[in-house]
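Analysis of the macromolecular model
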Amino acid sequence: MLNQIWAITIKEIKVLLHDRGALMALFLLPIAFILVMTVALEGVFEAGSSSNPVEMLVINEDQGETAAKVIADLRTVDGLHLIEQLDDRPVTRAAAEEKIIAGEYGLAVVFPANFSKQIQAAATDPGAAAARVSFVSDPTVGTQLIAPARGMVQGYVERQASLAQAPQLTALGFKEMAAHAPAEQSSFILNVGDRFSTEFVSAEQMQSSNLGVAFETVSPAGLHIQHMPTSTEQNVPAYTIYGVFFIMQTIATGLHREKTDGTFRRLQAAPLSRFALLAGKLLPYYLINLVQIALMFTVGVAVFHMSLGNDPLALVLISLVTSAAATGMGLLLAAVGRTPEQVSSLGTLLSVVLAAVGGMMVPVFVMPDFMQQVALITPHAWALSGFQDVIVR
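Let me sum up the structure you'll find in this document. Sequence positions are assigned chain by chain, starting from 1 and proceeding in written order. Restriction of local features to residues with pLDDT of at least 70 applies here, the model being predicted, together with a cutoff of 80 or more for giving and counting side-chain atom pairs; totals for whole chains, interfaces and linings are based on all residues. Just so you know, side-chain values use all the structure's heavy atoms and leave hydrogens and water out.

**Observations concerning helix α3 (residues 66–75)**
- Taken residue by residue, α3 has T66, A67, V70, I71, D73 and L74 as its buried positions. For α3, the angular spread of the buried residues around the axis is 160 degrees, confining them to a single face. Accessible area is worked out with a 1.4 Å probe on protein chains only. A residue is then buried under 20% of its type maximum, exposed over 50%, and partly exposed in between. Think of it this way: any DSSP run of H or I at least four residues long counts as a helix, any run of E at least two long counts as a strand, and we number them from the N terminus. Here the arc refers to the set of directions running from the helix axis out to each C-beta atom.

If you want it as structure tokens, here you go:
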């Protein structure tokens, strides 16, 4: 029996070695997946580190000193890279929003024109209007990147606001003491208070309940965002595209099976044009893709209450083009693969790797810069960007 097992084993090894393309794909798939996912996820695990700092545009419209001090503090933060100039000019809000809409940056912070004045006013007037610090971000950028940067900015703002208000709060405290002290002591208390305010002020000892600052996260004005996206509105389109492109393996395998059976030769002998033959072959798969997209989005709406945006026609057009891209790649795979085994292995390799590179598994914005450029080669990235433009942006 052992001889028989050994003989069958040798035969199977010879069969595998005969189809070198399929054998190579078996090893290339895990290697490619490891390489792509490791490089892509580098941005997730190292975002905010010195090797991969979070880039943030800074717009300083404040005429006072408080915003400048906050920015100076932020420059010392490891893992945060401030971009204060574009084309050798200070960054404006309009320029920052254009860059964010174009996808070049994901986050900007805006210090308003009355920042310092309103903080000073809030020290003595609890009802004073707050100076609103705005975080402008692409709505598809995850909170895992925005939240740490916002937390750092907020911490330094509150620290500088406390320092800015401390002299006034100190003087106010001594005035209240003088008002309740005997008349002969009030002038002495006021003098001590003035000296203390100018020479010994500690923000840790004097904390105001109203720092005069409020924080908000907004989207660029040109995007007309009605709400910030949910995970559903980002994941449903991504995994829909991921599933749609699996059709290319089915198309290529079917064509190779017909070649092996002789059916394809008989079709070529029929009085059909090449266009009619290919169109008839690909149209069913194209329609299946459209049904798949419709089904996935229906699940997103029915189960997760996903928004479809305000332009149904745009969604239809993007779906038509995405389905065409997937069908075309199936035809390309059929032309490149020489055997059904090669087609199967290569199809799986392309489906997984292109989806990973294109941002279906890992958002493109957290990838290293060169990976973000590579993503633009894939139809997946363009399809996802199109869907998110309509649904989210």
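**Structural notes on helix α9 (residues 247–261)**
- Helix span, expected: 1.5 Å multiplied by one less than the number of residues in the helix. In this model, α9 (15 residues) spans 21 Å end to end at C-alpha, consistent with the 21 Å of a helix rising 1.5 Å per residue.
- Residues I247, M248, Q249, I251, A252, G254, L255 and H256 constitute the buried set of α9.
- Just past α9, the residue G262 takes up positive phi, approximately 90 degrees.

**Regarding unusual backbone geometry**
- For D87, which is not a glycine, the phi torsion comes out positive at approximately 55 degrees.
- Notably, D88 is not glycine yet its phi reads approximately 65 degrees, a positive angle.
- With respect to the secondary-structure elements, D88 resides in the loop between β3 (85–86) and β4 (89–90).

**Thoughts on the pairing of strand β5 (residues 107–111)**
- When you tally the buried positions in β5, you get five out of five residues, the bulk of the element.
- The side-chain alternation of β5 yields two buried faces, one formed by L107, V109 and F111 and the other by A108 and V110.
- Strand pairing is defined by DSSP finding a minimum of two bridges between the two strands. Judged from the four bridges that link them, strand β1 (residues 54–60) and β5 form a sheet pairing that is parallel. Opposite V58, over in β5, you have V109 as the bridge partner.
- Note: β5 against strand β6 (residues 131–137), four bridges, orientation antiparallel. Of the residues in β6, the one forming a bridge with V109 is F135.

**Quick notes on the packing of α9 against helix α12 (residues 312–336)**
- Here, axes are lines fitted to C-alpha atoms. For helices the fit covers the stretch in contact, and angles between N-to-C directions go from 0 to 180 degrees. The interhelical angle for the contact between α9 and α12, taken along N-to-C directions, is 40 degrees, at an axis separation of 7 Å. Classified by the angle between their axes, α9 and α12 sit oblique to one another. The handedness of the crossing between α9 and α12 comes out as right-handed. Residues I247, M248, Q249, I251, A252, L255 and H256 of α9 touch α12, and the partners they reach there are A326, T327, M329, G330, L331, L333 and A334.
- Amino acids outside the nonpolar list (Ala, Val, Leu, Ile, Met, Phe, Trp, Tyr, Cys, Pro) and the charged list (Asp, Glu, Lys, Arg) are all regarded as polar, and Gly is one of them. In terms of residue class, the contact of α9 with α12 is made up of ten nonpolar, four polar and no charged. Roughly parallel here means an angle under 35 degrees, roughly antiparallel means over 145, roughly perpendicular means 65 to 115, and every remaining angle is called oblique. Two helices cross in a left-handed way if the nearer one is turned anticlockwise from the farther one by less than a right angle. They cross in a right-handed way if the turn is clockwise. When checking whether two residues touch, look at their non-hydrogen atoms; a contact exists if any pair is within 4.5 Å.

**Concerning the nonpolar core**
- Of all hydrophobic cores here, the largest spans 33 residues; its most connected members are I241, F245, F297, M360 and F387.
- Contributing elements (two or more residues each) for this core: α8 (231–244), α9, α11 (274–304), α12, α13 (340–357) and α15 (379–391).
- By residue number, the principal contributor to this core is α12, which donates seven residues.
- In this structure, F297 is in contact with V236, P237, T240, M306, L308, F387 and I391, ignoring residues within four places of it in sequence.
- Only buried Ala, Val, Leu, Ile, Met, Phe, Trp, Tyr and Cys residues count toward a nonpolar core, and they belong to the same one when joined by side-chain atoms within 4.5 Å. In this structure, L107, V133, I146 and V157 belong to the second largest nonpolar core, which totals 24 residues.

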